[in-house]
Amino acid sequence: IHKSTPNGLWLSVGFFDHIFIPPHFMLDGSEWDPEQKLWVWKSEHGDAALDPELGSQVRFRVTNSVFRPVERPSQAPPAAAASAVAAVAEHDDDDDEHDDQPLFQVMASIKDDG
C-alpha cells in the first residue's frame, strides 16, 4: 500500500505507483475512517483495518488501464517548447496535482478472494 485517501487506495509495485483501487472495488463493508485516515472493513464480527501500514502487501486484480493524452504545444518553435517544458517542471514542483492525474494509471480490485 503506497497511500490511503478518502478516494481509495494507491498501490505500488516498486517501479510503478499509479495503481488505484476505488471504494467500489474494495471488500463489501469497507468504509473510510477520517480519524484513522485509512479504510476500515466492517464485518459482521466487528471492525478490522485493511492493512493500515504503508508498505503492506496486498493481492489485487487489474480491472482497467487508463491512458491520458499528452498535451504538447502545437507548432511551437523548439526554443518556445523548451521554455514551456521548463515552466511546467517548475509548476510541478509547487503543485501535487500532477500526482493525482498520471499519464498512465491502472485500476484494480481487492474485492475478490486472492
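Keep in mind it's a predicted model, so treat the numbers as computed, not measured. (Residues numbered from 1 in each chain as written. Predicted model: local features only at pLDDT ≥ 70, side-chain atom pairs only at ≥ 80, totals over all residues. Heavy atoms only, no water.)

Enquirer: Report on the side chain of D33, specifying residues and quantitative values.
Expert: Residue placement: D33 occurs in strand β4 (residues 30-33). In terms of polar contacts, D33 uses its side chain to reach the backbone amide nitrogen of E35, at 3.0 Å. Reaching out from D33, the side chain makes a polar contact with the side chain of Q36 at a distance of 3.2 Å. Sequence-distant contacts of D33, that is, excluding residues within four places in its chain, are made with L38 and V40. (Helix = DSSP H or I, 4+ residues; strand = E, 2+ residues; numbered from the N terminus. Polar contact = N/O pair within 3.5 Å; in protein donor to acceptor, adjacent residues only side chain to side chain. Contact = heavy atoms within 4.5 Å.)

Enquirer: Describe in detail the nonpolar core, supporting the description with residues and values.
Expert: A general trend in soluble globular proteins is that nonpolar side chains are found buried together. If you look at the biggest cluster of nonpolar residues, it comprises 11 residues: I1, L9, L11, F16, I19, I21, M26, W39, V106, A108 and I110. Elements with a contribution of two residues or more to this core: β2 (8-11), β3 (19-21) and β8 (104-109). Among all residues touching I19, those that are not within four sequence positions of it are L9, W10, L11, V13, F60, V106 and A108. (Core = buried A, V, L, I, M, F, W, Y, C linked by side-chain atoms within 4.5 Å. Buried < 20%, exposed > 50% of the residue type's maximum accessible area, 1.4 Å probe, protein only.)

Enquirer: Can you break down the side chain of T5 residue by residue, with the values?
Expert: If you trace the backbone, T5 turns up in strand β1 (residues 3-5). By relative accessible area, T5 is classed as buried at 18%. Those residues within four positions of T5 in sequence are excluded, and the remaining contacts are W10, W32 and W39.

Enquirer: I'd like to hear about a nonpolar patch on the surface, residue by residue, with values.
Expert: Residues V13, F15, F60 and V62 make up a contiguous nonpolar surface patch of about 410 Å² in total accessible area. Structurally, F60 can be placed in the loop between β6 (46-49) and β7 (61-67). Residue classification places F60 among the partly exposed residues on the basis of a relative accessible area of 32%. (Patch = residues over 30% accessible without salt bridge, like charges linked within 9 Å, V, L, I, M, F, W, Y side chains within 5 Å. Areas by Shrake-Rupley, 256 points an atom, 1.4 Å probe, with all protein chains shown as cover. Salt bridge = Lys/Arg side-chain N within 4 Å of Asp/Glu carboxyl O.)

Enquirer: Kindly report on the pattern of salt bridges, identifying the contributing residues and their values.
Expert: If you walk through the whole model with that rule in mind, you get two salt bridges. Between K111 and D28 there is a salt bridge, with its nearest N and O atoms 3.0 Å apart. Taken together, the residues span a long stretch of sequence, with K111 in the segment after β8 and D28 in the loop between β3 and β4 at a distance of 83 residues. You can call D28 exposed: its relative accessible area is 59%. The partner of D112 in a salt bridge is R61, with the nearest N and O atoms 3.1 Å apart. Taken together, the residues span a long stretch of sequence, with D112 in the segment after β8 and R61 in strand β7 at a distance of 51 residues. The exposure class of R61 is partly exposed, given its relative accessible area of 43%.

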